[in-house]
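Summary of structural features
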Amino acid sequence: MNTGSEFAATRQLVFAGGRVVTVFEAGRAPYEDKQPMSRYKVVSLDWKTGAVRNQMEFVGHWGGMPHLLPTSDGQVILADSKLQLLNPNLEAAGASFPVDHGRADMISPDGTTVAWETFPGITLLNAAISNRLGLYQNQS
């Protein structure tokens, strides 16, 4: 469940700002309107010692493992039903972007651009500017 594919496994752990940040399923949650739900946990570890520094937990759709994307400026994007920019200590960096359709689980190798598959086409989002996610350019 936690690593349904090699691709998904590459989206469940990132290095950011002296931290290792990981996301995983932490257990089941009560159904919501006939929809099975899960508890997901995001943990920030000190990359040198492995000590847990921060953690957060939330409920999401079962089978919809959230993804993590590292940005070029040392932050982390938590991709679930929205894209949320986090600092390595898991504090919200003040930016989020709703993903009401399609998926956004790919980022450029340099950590500056998120690809949102909008079906049809792809919308590129700028992830390089601290404290905001913004529309970068639209391509069909």
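Here goes a summary of the coordinates provided.

The rules behind these values
- Residues numbered from 1 in each chain as written.
- Predicted model: local features only at pLDDT ≥ 70, side-chain atom pairs only at ≥ 80, totals over all residues.
- Heavy atoms only, no water.
- Pairing = 2+ DSSP bridges.
- Helix = DSSP H or I, 4+ residues; strand = E, 2+ residues; numbered from the N terminus.
- Axes fitted to C-alpha atoms, helices over the stretch in contact; angles between N-to-C directions.
- Core = buried A, V, L, I, M, F, W, Y, C linked by side-chain atoms within 4.5 Å.
- Buried < 20%, exposed > 50% of the residue type's maximum accessible area, 1.4 Å probe, protein only.
- Contact = heavy atoms within 4.5 Å.

The antiparallel open sheet is built from four strands, whose spatial order is β5-β6-β7-β8. Edge positions in the sheet fall to β5 (67-70) and β8 (92-98), since each has one partner strand and no second. Recorded for the sheet is a direction-independent mean angle of 20° between the axes of neighbouring strands. When strand β6 (residues 76-79) meets strand β7 (residues 82-86), the two strands line up antiparallel, connected through four bridges. From the neighbouring strand, V76 faces β7, where its bridge partner is L86.

Okay, the sheet that holds strand β3 (residues 35-46) next. Strand order in the open sheet formed by four strands is β1-β2-β3-β4, and the pairing between neighbours is antiparallel. The sheet terminates laterally at β1 (13-16) and β4 (52-61), the two strands that pair on one side only. Between one strand and the next, the sheet's axes are offset by a mean angle of 25°, whatever the strand orientation.

This part takes up the nonpolar core. Counting 15 residues, the largest nonpolar core has I77, L83, A104, I107, V114, W116 and L125 as the members making the most contacts within it. The set of elements that each furnish at least two residues to this core consists of β6, β7, β8, β9 (103-107) and β10 (113-117). Per-element tally for this core: the top contributor is β8, with three residues. Those residues in contact with I107 that sit more than four places away from it in its chain are L69, P70, I77, T113, V114 and A127.

With that settled, consider the environment of I77. On the secondary structure map, I77 appears in strand β6. I77 sits in the buried class, given a relative accessible area of 0%. Along the sequence, I77 and I107 sit 30 residues apart, while their C-alpha atoms lie 9.7 Å from each other.

A word on unusual backbone geometry. Going from F119 to P120, the amide bond is cis rather than trans, its omega being 5°. Counting through the fold element by element, P120 comes out in the loop between β10 and β11 (122-126). Even without being a glycine, D33 presents a positive backbone phi close to 50°. Here D33 lies in the loop between β2 (19-32) and β3. In this model, K34 sits at a positive phi of 70°, which is unusual for a non-glycine residue. If you trace the backbone, K34 turns up in the loop between β2 and β3.

As far as function goes, none of this settles anything; it's purely spatial.
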